[in-house]
Amino acid sequence: MKPVLDAVVKLVNAIRSRGLTHRQFRDFLQSVQSEYSDVLYYTKVRWFSAGCVFERVWQLKDDIVSFFHEKQCSAECEMLEDTE
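Residues numbered from 1 in each chain as written. Predicted model: local features only at pLDDT ≥ 70, side-chain atom pairs only at ≥ 80, totals over all residues. Heavy atoms only, no water.

**Student:** Got a minute to help me understand the pattern of salt bridges in this structure?
**Tutor:** For side chains of opposite charge, pairing can occur when their charged atoms come near one another. In this structure the tally under the stated criterion is one salt bridge. We note a salt bridge from Asp38 to Arg16, for which the minimum N-O separation is 3.6 Å. Of this pair, Asp38 sits in the loop between helix H2 (19-31) and helix H3 (49-59) while Arg16 sits in helix H1 (residues 2-16), placing them 22 residues apart in sequence. Note on Arg16: relative accessible area 22%, which makes it partly exposed. (Salt bridge = Lys/Arg side-chain N within 4 Å of Asp/Glu carboxyl O. Helix = DSSP H or I, 4+ residues; strand = E, 2+ residues; numbered from the N terminus. Buried < 20%, exposed > 50% of the residue type's maximum accessible area, 1.4 Å probe, protein only.)

**Student:** Would you take a moment to explain the nonpolar core for this structure?
**Tutor:** When a protein is soluble and globular, its nonpolar side chains tend to lie buried together. Ranked by size, the top nonpolar core spans 22 residues in total, and within it Phe25, Val39, Val57, Ile64 and Phe68 carry the most contacts. For this core, the elements supplying multiple residues, two or more each, are H1, H2, H3 and helix H4 (61-70). When residues in this core are grouped by element, the largest group, seven residues, is from H1. Leaving out residues up to four positions away in the same chain, Phe25 has contacts with Ile15, Asp38, Val39, Ile64 and Phe67. (Core = buried A, V, L, I, M, F, W, Y, C linked by side-chain atoms within 4.5 Å. Contact = heavy atoms within 4.5 Å.)

**Student:** Looking at this structure, how should I read the packing of aromatic side chains?
**Tutor:** Aromatic ring pairs are defined here through the distance separating the ring centres and the angle between the ring planes. Under the criterion given, the structure shown has three aromatic pairs. Ring geometry for Phe25 and Phe67: centres 5.2 Å apart, planes at 75 degrees, overall edge-to-face. With Phe25 in helix H2 and Phe67 in helix H4, this residue pair connects regions lying 42 residues apart in the sequence. Phe67 carries the same exposure label as Phe25, and that label is buried. By relative accessible area, Phe67 is classed as buried at 2%. Cation over ring: Lys61 sits above Trp58, and NZ or CZ is 4.7 Å from the ring centre. (Phe/Tyr/Trp six-rings, centres within 6.5 Å; stacked < 30°, edge-to-face > 60°. Lys NZ or Arg CZ within 6 Å of the ring centre and 35° of its normal.)

If you want it as structure tokens, here you go:
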């Protein structure tokens with residue numbers, strides 16, 4: 001479970017840590033009329049945070065992959081494209 005959590009946190013941080021990328025991602029979600037408007041940060045303070053982050057990333061999986069392919073940064077989303 002730890003390697004998956006680390007990969008998801010790295011993916012979320014790649015989106016949220018840079019202001020421009022974060023704004024572009026929110027605009028992208030709005031343009032594709034996604035159900036959600038953003039991804040959630042993982043915090044170790046709350047025990048249920050990991051579950052919420054996993055669920056949101058899973059629900060936005062296709063949109064995240066499309067966003068990174070559009071930006072030509074497919075290395076960040078290799079984990080989401082792996083079928084195994």
